[in-house]
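As a plain string of letters, each chain reads:
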Amino acid sequence: MTLAAKPNLAGMSLAQLRDYFHSLGEKPFRAAQVLKWIHQRGVIDIQAMTDISKPLRDRLASEAEIVLPKIVEDYASEDGSYKWIIEVASGSRVEMVYIPESGRGTLCISSQAGCTLDCSFCATGKQGFNSNLTVAEIIGQLWWANKRLGGFDSLQERPVSNVVMMGMGEPLYNTQNVFPALRVMADGEGLSLSKRRITLSTSGVVPDIPRCGEETGVMLAISLHAVRDDLRNELVPLNKKYPIKELLEACKAYPGLSNARRITFEYVMLKGVNDSDADARELVRLLSGIPAKINLIPFNPWPGAPHSCSDWDRIETFSDIVNRAGYASP
């Protein structure tokens, strides 16, 4: 006989916690208390939540749990960036990366262990798919980054100011866990991040793009990487199901889209593949009418990769064409 799993408070939204405490016969304000302890103070020991009565703490410790993934590898770079490898309940390992910049710190987090999309330039896709991450495993990446970077020491000076769902996996293939996790990140009683500082990156799961805007209100990024369907079919096989025209129509209709809430189009620079002047001009033409910025990404080779990175002068020329058309292209 298998014992039922205890409810994991770390993966619950404010509304879910209210429902949980209601089921215990407790007042709903207990939900905000627990959410703040976990996500604002970094406390996951129920007995340390001192504004909750001792009898209730004892009951919670007996009937519920607070479980987060664990960090198993930790890499620090001289430029202040970090990469952490975390182990999730399935036994799989995923990575998250922290990038400090002037005035902000961005955390790139994963939504799946592995990936089903098999994009030709991506090392993760070659590993195959292992599992979806749970809500607690997604939120846990931000929790651990705050813990390791001292982010629980001061609410006013959090090192992680921006979150990008751009790590391992396709977020829109795990909406049942990704969307609730994003809502906790934006909740004022939880991690309290501005929705304009949370970005979901997708390879183009067209049916779920409007849902993302309606249900989360976060910013959108598109892994585009090619301006023709024949090439994108090779680089991003999902394009065979949702071609460029359909993808861009979904982008134009993204809820809340404006010059102040632009879509980021990610474009990995592959030598001799997608980096010509003609490609740059076609990219500008395709995005006409869409409030957008373009993120040019130098390809990072991995063992056995079928591509190499564009030469730096080629990247700069490509960027100049995009800039002259009025698009920011960091």
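Residues numbered from 1 in each chain as written. Predicted model: local features only at pLDDT ≥ 70, side-chain atom pairs only at ≥ 80, totals over all residues. Heavy atoms only, no water.

S.K.: I'd like a description of the overall build of the protein chain, backed by residues and values.
M.R.: When helices and strands are counted, the protein chain shows 10 helices and 11 strands. Seen through its principal axes, the protein chain has C-alpha atoms that stretch 70 × 45 × 40 Å. Going through the 330 residues of the protein chain one by one, you find that 52% of them count as buried. Pairs at least 24 apart in sequence give 62% of the contacts found in the protein chain among residues at least 6 apart. A total accessible area of about 15000 Å² is found for the protein chain, and carbon and sulfur atoms account for 49% of it. For the protein chain, the centre of its 36 positive side-chain charges and the centre of its 38 negative side-chain charges are spaced 5 Å apart. (Helix = DSSP H or I, 4+ residues; strand = E, 2+ residues; numbered from the N terminus. Buried < 20%, exposed > 50% of the residue type's maximum accessible area, 1.4 Å probe, protein only. Contact = heavy atoms within 4.5 Å. Areas by Shrake-Rupley, 256 points an atom, 1.4 Å probe, with all protein chains shown as cover. Lys, Arg positive; Asp, Glu negative; His and termini not counted. Charge placed at Lys NZ, Arg CZ, Asp CG, Glu CD.)

S.K.: Could you give me a rundown of the packing of helix H1 (residues 14–23) against helix H2 (residues 29–39), with the residues and numbers involved?
M.R.: Across the interface, H1 lies against H2 with an axial gap of 8 Å and an inter-helix angle of 125°. Here H2 runs oblique to H1, going by the angle between their axes. In the packing of H1 onto H2, the handedness of the crossing is right-handed. On H2, the residues touching Leu 14, Leu 17, Arg 18 and Phe 21 of H1 are Arg 30, Ala 31, Ala 32, Val 34 and Leu 35. Looking at the contact of H1 with H2 residue by residue, the class counts come to seven nonpolar, no polar and two charged. (Axes fitted to C-alpha atoms, helices over the stretch in contact; angles between N-to-C directions. Parallel < 35°, antiparallel > 145°, perpendicular 65-115°, else oblique. Left-handed = near helix turned anticlockwise from the far one by under 90°. Nonpolar A, V, L, I, M, F, W, Y, C, P; charged D, E, K, R; others polar.)

S.K.: Provide a residue-level description of empty space enclosed by the protein, including the pertinent values.
M.R.: This structure, assessed with the given rule, holds one cavity of 30 Å³ or more. Lining the largest cavity are Val 218, Met 219, Leu 220, Tyr 254, Pro 255, Gly 256, Leu 257, Arg 261, Arg 262 and Ile 263. (1 Å grid on protein atoms, 1.4 Å probe; cavity = no way out; pocket = protein on both sides within 12 Å on 5 of 7 lines; lining within 4 Å. Points joined across faces, edges and corners; volume = space filled by probe spheres on them.)

S.K.: Report on the sheet that holds strand E9 (residues 219–223), specifying residues and quantitative values.
M.R.: The strand order across the open sheet formed by nine strands is E1-E2-E3-E4-E7-E8-E9-E10-E11, and the pairing between neighbours is mixed. Of all the strands in the sheet, the pair left with one neighbour each is strand E1 (70–76) and strand E11 (292–298). Along the sheet, successive strands turn relative to each other by an average axial angle of 20°, direction set aside. As defined by bridge partners, E1 adjoins strand E2 (residues 82–87) across six bridges and the pair is classed as antiparallel. Across the sheet, the residue bridging to Asp 74 is Trp 84, located in E2. (Pairing = 2+ DSSP bridges.)

S.K.: Please give an account of the pairing of E11 that cites residues and values.
M.R.: Across seven bridges, strand E10 (residues 263–269) lies against E11 in parallel orientation. Bridge pairing in E11 links Glu 266 to Asn 295. On the question of chirality, the crossover connecting E10 to the parallel E11 by way of helix H9 (residues 277–286) is right-handed. (Right-handed = clockwise from strand over helix to strand, strands pointing away.)

S.K.: Please set out the nonpolar core residue by residue, giving values where relevant.
M.R.: Leu 9, Leu 107, Met 185, Leu 200, Phe 265, Leu 283 and Leu 287 are the most contacted members of the largest nonpolar core, which totals 105 residues. With eight residues, the top contributor of residues to this core is helix H4 (residues 135–148). Other than its neighbours up to four places away in sequence, Leu 283 contacts Leu 224, Val 227, Tyr 267, Ile 294, Phe 318 and Val 322. (Core = buried A, V, L, I, M, F, W, Y, C linked by side-chain atoms within 4.5 Å.)

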